[in-house]
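This is what each chain is made of:
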Amino acid sequence: RWTEKGVQNTFSETALKGEYLAFQLGIYALQDLSDVKITFSDLKSSSGATINSKYISCINTDGTKYDGTIFTNSVSVKKGKVQAMWCGVDVPQNTASGTYTGKAVVNSNGKSKEITLSIKVGDDVTLNGGIDFPEKMTRLKWLNSTLAQENTVIKPYSPLVVKDNEISLLGRKLILDTDGFPAQIQTFFTPEMTSIGTKANDILSAPIAFHFVDANGKESLQWKNSGIKFTKKEAGTVSWESVSMSQSIQMAVNASVEFDGFVSYTVAITALENATFNDISCNFSMQPNSAKYLMGLGEKGGNRPESLNWKWDVAHKNQDGAWIGNVNSGIQFSLRDEKYSRPLNTNFYLQKPLLLPTSWGNENKGGINITPTKNTVLVNAYSGSRSMKKGDVLYYNFTLLITPFHAIDTDFQWDNKFYHKYSPIDTIAQTGATVINIHHANAINPYINYPFIEFVKMKEYVDEAHSKGLKVKIYNTVREVSNKAYETFALKSLGHEIYSPGKGGGFSWLQEHVGDDYIAAWFVPEIKDAAIVNSGMNRWHNYYVEGMNWLVQNVGIDGIYLDDVAFDRITMKRIKRVLTQDGHPGIIDLHSANQFNKSDGFNNSANLYMEHFPYINKLWFGEYFDYEKNNPDFFLVEVSGIPYGLMGEMLQDGGNPWRGMIYGMTNR
C-alpha cells in the first residue's frame, strides 16, 4: 500500500479532542540505518493555538517501562527493508478546533528526512482518550501507562512501621544489623494459621552475613560499617543503606522491604586494591523449627533433606534459590546480580533461561550447601575462588520473601464455590456455585488473553450473573497474546520487545502475516485463535494493567483466573489495585501446571510464583501434580498453600478427595 502510494512528504489525519491519534511512518532504507530517531515540533494552527510536542512520541523508541522507569530503544533498519515507526499524538481535551501543522524529523546516520504533519481537530470531545475504539489503535497509549504504579498498601496488609532498627509489617518483623543485613526475622502467626498472635517465631539463629575467605582459608578482613541510614520511610516501602569498609573491599548495601514481606538487597562489592579469595559466601543461619520444610534447588516441596549440595546449571534448571520454613514461619531467597532477567516459563524455559550471575555463579564455581548443626540449619551460598582487580565491582544481590504473608481466610474458602465453564447463569446457580470462571475459546471470551472484542456479550453475561447473586471472573494473562489483537502489527514493529524471538511456524496465518521470528503458542482451530509468546518483562504489562482497569470499569468483572504467570510482582500489585478499586472484589485464582520437568527447568510452581502469593485468593495446583504417590508433606508445602497464608483446590484427575479434605481442598 505504501509502495503504490509513493513517497509522501506529508501526513494528514483528523482527530477528536482528547483522542490519542496513532499513526505510522514507514521508513524504506536506501542504506543500512542505525539508531533511528524521530523528533517532533509543536503543531500550530492558523489562529496561533498549539499542540505541544511533549504530547507527540514514537512508541518504537521512547516510553515508560512496566516498572515505571524510562524506556528507550535503538532502532536499526537494513538496506532494502521497511520499518514501521508507530507514533501518537495525545490531543489534549481543551485543544481548540482547527488544523494543526508541524514537523516530524526522521534522523539516522547523521542524515534526516522531514515529514509535514497536518492534524485536523474537530469540535467533538472523546472520552477515555478514544480507547473505546481500539480498532483505531488508540490503546497503544496504554503501552506507556503508569496506572497503579505508586506502591500504596493493598488490603489486608498494613502500613510499615519503623522503630529504631526494627521494621514491622503484617504478622512479621524485620530487625536490621548495623551492616544493613537482617539480624533477625520474626513471624507472629499461630500454628493453626488462622490468626496472628503475640508470640514471636524466630527464623534466624544468627544474623545473615557475608564471609570473605583468603588464600589461607581465613577471614582476615577487618570491617568498619557506617550503620544504617534510612533513605525512605513510606507506608508501602522502607529503604535503607549501609557501607562496610575493609582495607581491600568496600561492601555497599542498598535494601528495601515492602508491605507484603518482599525484601530486596543490592550488595555491591568493590575492590579497593587487588585481592584474591578462596571464597565469597553468604550464610543464612536458620532456627531448626523454622527450617522443617524445603522447596527448590532441585527438591520437590516437603520435609527438608538432612543435607543438600546444589550447583548452578542455568542452561537446564530454572533454579536460583529456595523456600525453607515451617507452616507459620519461613523465607524464600533468590540469588541474583545486576543483569537479572526473568526467564520464560511454562514449557518455554529452555528458549530463554536464567542468566548465570557473575557474582554468585562465578563460572559455575558457585553453589549452595545446606547442613544442619546442633542449634542451626546453615544455608551457605558460596561463589568459590576468584581474583578482583582494583576497581572491580561484583553484585551479590538477593531477594527474600518472609512467609506466611497473612493468615488463611477459611471463610472465603468455605463460602465460595467455583464453576469452570461458560454455561447459562440459571444452570450454574442450580449447582450452588457462587463464582464463575470464564475461560477462553467461548462466545464471550473467545480469544486468549485479549478479552476486548466480545466485551458487549461479556458485560450482558456479567450483569445477569450479578443480578442473580453470582460473581464472574475471566481468564486473562500475558504469557501469550492472541493474533486477533488489534495491535498485532504494531507489536511486531517493536522487534523482540513484546514478542519473543523464535523459529516461527504454527498456524498458517501467523506464517503468512507475522513472518518467521516468533514462538507460536496456544491455538484453537475452531475459531482460528493463534497466540504468540510474550517475551517477558515489557510494556505489554502496562497495556495489561490498563486493560484490566477498563474491564472492571466497563464490563464489571469480579477478578481473573490466571493460568500460570509471565509477569513479576510489580505487575501483580498493579493488577490487584485496579481489580479491587471502588469496592470491587478483585478475586485472583492462580492455576499452574507442574513446572518440575525438563521443559520448565525443574522448578516448583509454588517456588516460581511465590512472589505473587500475597495477592492471590486461591490456588489451583494443578495439571501433572501427583496427588497419590507424593507424601503428605509435599501436599502441604507445594499444593495446599497453607504455609503462605493461602488455601487451594485440586485439579489433576479430580484430585484425591481424602487427602484434599485434610487441607480443606476440593476439586473443580
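In this report, the structure presented in the accompanying data block is examined. (Residues numbered from 1 in each chain as written. Predicted model: local features only at pLDDT ≥ 70, side-chain atom pairs only at ≥ 80, totals over all residues. Heavy atoms only, no water.)

### Re helix 5 (residues 455–467)
Since the α-helix advances by 3.6 residues per turn, residues separated by three or four positions end up pointing in the same direction. The end-to-end C-alpha distance of helix 5, which contains 13 residues, comes to 18 Å, matching closely the 18 Å that a straight helix rising 1.5 Å per residue would cover. Considered for burial, the residues of helix 5 that qualify are Met458, Tyr461, Val462 and Ala465. With its buried residues spanning 100° around the axis, helix 5 presents them on a single face. Across helix 5 from its buried face, at more than 90 degrees, point the exposed residues Glu460 and Ser467. Where the residues of helix 5 are buried, they touch helix 4 (425–430), strand 36 (435–438) and strand 37 (471–475). Immediately downstream of helix 5, the backbone of Gly469 shows phi near 80°, a positive value. (Helix = DSSP H or I, 4+ residues; strand = E, 2+ residues; numbered from the N terminus. Expected span 1.5 Å × (residues − 1). Buried < 20%, exposed > 50% of the residue type's maximum accessible area, 1.4 Å probe, protein only. Arc of directions from axis to C-beta. Contact = heavy atoms within 4.5 Å.)

### Overview of the pairing of strand 41 (residues 559–563)
Judged by how many residues are buried, strand 41 sits mostly within the fold: five of five residues are covered. Two strands pair when backbone bridges link them, and strand 37 and strand 41 are joined in this way by two bridges, in the parallel orientation. If you follow Ile474 over to strand 41, its bridge partner there is Ile560. Note that the unit made of strand 41, helix 9 (residues 569–580) and strand 42 (residues 587–592) has a crossover that is right-handed. (Pairing = 2+ DSSP bridges. Right-handed = clockwise from strand over helix to strand, strands pointing away.)

### Topic: the sheet that holds strand 40 (residues 529–533)
Sheet architecture is open: three strands sit in the order 38-40-39, paired in antiparallel fashion. Of all strands in the sheet, those bounded by a partner on one side alone are strand 38 (480–482) and strand 39 (520–524). With direction set aside, neighbouring strand axes in the sheet form an average angle of 25°. In terms of strand pairing, strand 38 meets strand 40 through three bridges, oriented antiparallel. Looking at the pairing, Glu480 lines up with Val533 of strand 40. (Axes fitted to C-alpha atoms, helices over the stretch in contact; angles between N-to-C directions.)

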